[in-house]
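Secondary and tertiary structure notes
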Amino acid sequence: MKPTLLILAAGIGSRYGGIKQLDQFGPNGETIIDYSLYDAIRAGFGKVVFIVRQEIKESAEAIFAPKLQGKIDFDFAIQGIQSYVPEDLGAVERTKPWGTGHATLCAWEQTDTPFAVINADDFYGRDAFETMANFLQNDTNDKQHAMIGYELKRTLSENGTVSRGICVEREDHNLESVVERTKIFEDNGVIYFEEGETRTELAPETPVSMNFWGFKPSMFPITKDLFDKYARENINTPKAEFYIPTVMTHIIKSGLGDCRVFRIASDWFGVTYPEDKPTVQASLNALHAAGVYPGKLWD
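Structure report, in brief. (Residues numbered from 1 in each chain as written. Predicted model: local features only at pLDDT ≥ 70, side-chain atom pairs only at ≥ 80, totals over all residues. Heavy atoms only, no water.)

1. Re helix α6 (residues 244–253)
- Buried residues of α6: Ile244, Pro245, Val247, Met248, Ile251 and Ile252, and no others. Buried residues in α6, looked at end-on, bunch into an arc of 155°, giving them a common side.
- Directly beyond the C-terminal end of α6, a positive phi value near 70° is found at Gly255. (Buried < 20%, exposed > 50% of the residue type's maximum accessible area, 1.4 Å probe, protein only. Helix = DSSP H or I, 4+ residues; strand = E, 2+ residues; numbered from the N terminus. Arc of directions from axis to C-beta.)

2. Examining the pairing of strand β8 (residues 175–187)
- Judged from the seven bridges that link them, strand β7 (residues 162–169) and β8 form a sheet pairing that is antiparallel. Within β8, the position partnered with Arg164 by the bridge is Arg181.
- Hairpin connection between β7 and β8: a loop of five residues separates the two successive antiparallel strands, and His173 in this loop has a positive phi of roughly 70°.
- In this sheet, strand β9 (residues 190–195) lies alongside β8 in antiparallel orientation, the contact comprising four bridges. (Pairing = 2+ DSSP bridges.)

3. Considerations on the environment of Ile184
- By secondary structure assignment, the location of Ile184 is in strand β8.
- For the pair Ile184 and Gly149, spaced 35 residues apart in sequence, the C-alpha to C-alpha distance is 17 Å.
- Once residues within four sequence positions are removed from consideration, Ile184 is found in contact with Leu152, Leu156, Gly160, Thr161, Val162, Arg164, Ile166, Ile191, Tyr192, Phe193 and Leu202. (Contact = heavy atoms within 4.5 Å.)

4. Notes on the packing of aromatic side chains
- If you walk through the whole model with that rule in mind, you get 25 aromatic pairs.
- Measuring from ring centre to ring centre gives 6.4 Å for Phe45 and Phe129, while their planes differ by 80°; the resulting arrangement is edge-to-face. Here Phe129 lies in helix α4 (residues 126–138) and Phe45 lies in the loop between α1 (32–43) and β2 (47–52), a separation of 84 residues in the sequence. We note that Phe45, like Phe129, is buried.
- Seen in terms of ring centroids, Trp98 and Tyr230 are 6.4 Å apart; in terms of plane orientation they differ by 75°. Their pairing is edge-to-face. Of this pair, Trp98 sits in the loop between β3 (73–78) and α3 (100–105) while Tyr230 sits in helix α5 (residues 219–233); the two residues are 132 residues apart in sequence, bridging distant segments of the chain. There is no split in this pair, since Trp98 and Tyr230 are both buried.
- One aromatic cluster in this structure is built from Tyr35, Tyr38, Phe123, Phe269, Tyr293 and Trp298.
- Sitting over the face of the ring of Phe76, Lys57 holds its NZ or CZ atom 5.4 Å from the ring centroid. (Phe/Tyr/Trp six-rings, centres within 6.5 Å; stacked < 30°, edge-to-face > 60°. Lys NZ or Arg CZ within 6 Å of the ring centre and 35° of its normal.)

5. Some thoughts on the environment of Pro114
- Among the secondary structure elements, Pro114 is positioned in the loop between α3 and β4 (115–119).
- For the pair Pro114 and Val280, spaced 166 residues apart in sequence, the C-alpha to C-alpha distance is 30 Å.

6. Some points on the packing of α1 against helix α2 (residues 54–68)
- At their nearest, the axes of α1 and α2 sit 12 Å apart, and the two run at 25° to each other. When the axes of α1 and α2 are compared, the pair comes out roughly parallel. The hand of the α1/α2 crossing is right-handed. Listed contacts from α2 to Ile33, Asp34, Leu37 and Ile41 of α1 are Phe64, Lys67 and Leu68.
- Residues belonging to the contact of α1 with α2 are distributed by class as follows: five nonpolar, no polar and two charged. (Axes fitted to C-alpha atoms, helices over the stretch in contact; angles between N-to-C directions. Parallel < 35°, antiparallel > 145°, perpendicular 65-115°, else oblique. Left-handed = near helix turned anticlockwise from the far one by under 90°. Nonpolar A, V, L, I, M, F, W, Y, C, P; charged D, E, K, R; others polar.)

7. Comments concerning the environment of Asp122
- Its place among the elements puts Asp122 in strand β5 (residues 122–123).
- Spatially, the C-alpha atoms of Asp122 and Phe185 are 18 Å apart, while their sequence positions differ by 63 residues.
- Beyond its immediate sequence surroundings of up to four residues, Asp122 is in contact with Ile32, Ser36, Met210, Trp268, Phe269 and Gly270.
- Only 2.8 Å separates the side chain of Asp122 from the side chain of Asn119, close enough to count as a polar contact.
- Of note is the side chain of Asp122, whose polar atom sits 3.3 Å from the side chain of Tyr124. (Polar contact = N/O pair within 3.5 Å; in protein donor to acceptor, adjacent residues only side chain to side chain.)

Here you go:
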């Protein structure tokens, strides 16, 4: 059974100043999502689900449906503020989506195979998709999940702080822990994360999650139970976010499963700030020029 690809595309893009998941970066106006789709199809994925806000569903469908027709099955899932929130909590007063863990949960109804989860605004590269597709197609253990790990030094932005899942790996190459750090930056050649008034140094080779996860369907009911609890505890905290690393940490610590870490040596790049756009455009142009991608991705 071919795996499914879930694309997290419901973000607001507050630091970018616009809907970066639909912005054009490639030489022919390609979005970053286009490259993920192209790599996923040639890696053997059988379906893609776009997780979007209702406000951008029509625009996303207009951009991607014509390109994918006849090449791969696709669907759309809506990440709404009320989606999967316990009914007894009533109306939720917040404008920001609930986060990546909640977004994944919103695609439960459209997903019935092992699946990968990626960000819409990150370029991961062909190796990452082939590695994950191979795992999802061949590993039959329903409790064995996976993630793609990148070296921290390859994932920074010159234009401001970034959020990364900092990983600790066990000797058996399974994940011991992953913690979301929301303010990571480089200062005078040293990488730090900042929490309150405290700076903590991080090694450049530290493996980090760039939100490229591989899950078996057993993940969904676990996520639902966790989100129920999280929503109740944070119903009056409009900026609280329920992250995928929260789910994975619970799975590992509770003995409900493991997460294999597949380290990728290639560079990652993506957009957090508008100043990142020229760098991403130059990187994509170079990949086309080198023949990694054809002149045009889609016929």
